[in-house]
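One letter stands for each residue in the lines below.
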Amino acid sequence: SSLCKTPSCGGGKYYDVVSHSCRACSSGSYSVGGSITECISCPAGSSCTAGAAMPQPCQAGTYSGAASSKCVESPPGYVTPSAGMEAPSACPPGSYAESAGMARCFTCAVGRYNNAEGKTSCIQCGVNRSRADLWTSMRQVSTASGTVWVYAEGSTVALAGSGNASELGQSNAAGCACEEGARLASSGECIVCEEGLIC
């Protein structure tokens, strides 16, 4: 008896035993060619168009599940920082991704914050506070006794003039308002803060 041998097909194709011919792989699968009778499912983190000979890795800012014909952009609030990712990552609290297809999260600026993951923007510190200008951001630090929130102190600046006081007629430092991104210290100085997470 004679031995049966599957004919060899080129890349992106497989041998169809029903039609006895080489056929192109469907989208979401690929073939490097040779004597194969079915195409391989496209791996997660890559895309395979119809007739693909090799999977194409998703670029940073995009992702895909298994058997995908195309990569999709990470949604707002989420990022895909490297190529070949199968799912996006939510931006952590204190950061944001305002649009789709972003590869990295941006840190909330001084004077702004957010307290949840997957956000598309940051909230201004002091919103709905009677003294909004005295609320600024803090940063997280680790100590021997655990994690604490502290004001992120940078350089000091001169006190704002009486024209920036929250109420007219203030006669002491406690009544003066600091510029956005700074806090009023007990010493009577406005302290400029670094990038932070919460108010």
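Cut-offs used in this document
Per-chain numbering applies: the sequence of each chain, read as written, is numbered from 1 onward. With the structure being a predicted model, the display of local features is reserved for residues of pLDDT at least 70 and the display and counting of side-chain atom pairs for 80 or more, all residues being used for whole-chain, interface and lining totals. Processing note: side-chain calculations cover all non-hydrogen atoms of the structure and skip hydrogens and water entirely. By salt bridge we mean one thing: a side-chain nitrogen of Lys or Arg within 4 Å of a carboxyl oxygen of Asp or Glu. Buried residues are those whose accessible area, probed at 1.4 Å on protein chains only, stays under 20% of the maximum for their type, while exposed residues exceed 50% and partly exposed ones sit between those limits. Any two cysteine sulfur atoms lying within 2.5 Å of each other are counted as a disulfide. Helix and strand definitions here come from DSSP, where helices need a minimum of 4 consecutive H or I residues and strands a minimum of 2 consecutive E residues; each element is numbered from the N-terminal end.

Q: Got a minute to help me understand the pattern of salt bridges in this structure?
A: When charged atoms on two side chains of opposite charge get close, those side chains can pair. For the structure on display, the rule yields one salt bridge. Put simply, Arg 23 and Asp 16 hold a salt bridge, and the shortest N to O gap is 3.3 Å. In this structure Arg 23 comes out as partly exposed when scored by relative accessible area, which is 40%. Under the relative-accessibility criterion, Asp 16 is labelled buried at 13%.

Q: How do you make sense of the state of the cysteines when you look at a structure like this?
A: Disulfide: a covalent bond connecting the sulfur atoms of a pair of cysteines. With the rule as written, the count across this model stands at five disulfides. Bridging Cys 25 to Cys 39, the disulfide has an S-S length of 2.0 Å. Taking the torsion about the sulfur-sulfur bond, which here is approximately -85°, the covalent link between Cys 25 and Cys 39 counts as left-handed. Here the residue Cys 25 occupies a position in the loop between strand E2 (21–24) and strand E3 (29–30), and Cys 39 occupies one in the loop between E3 and strand E4 (40–41), the gap between them amounting to 14 residues. The same class applies to Cys 25 as to Cys 39, namely buried. Between the sulfur atoms of Cys 58 and its disulfide mate Cys 71 the distance is 2.0 Å. Measuring handedness by torsion sign, the sulfur bridge of Cys 58 and Cys 71 sits at about -85° and is left-handed. In this pair, Cys 58 is assigned in the loop between strand E6 (56–57) and strand E7 (62–63) and Cys 71 in the loop between E7 and strand E8 (72–73), connecting sequence segments 13 residues apart.

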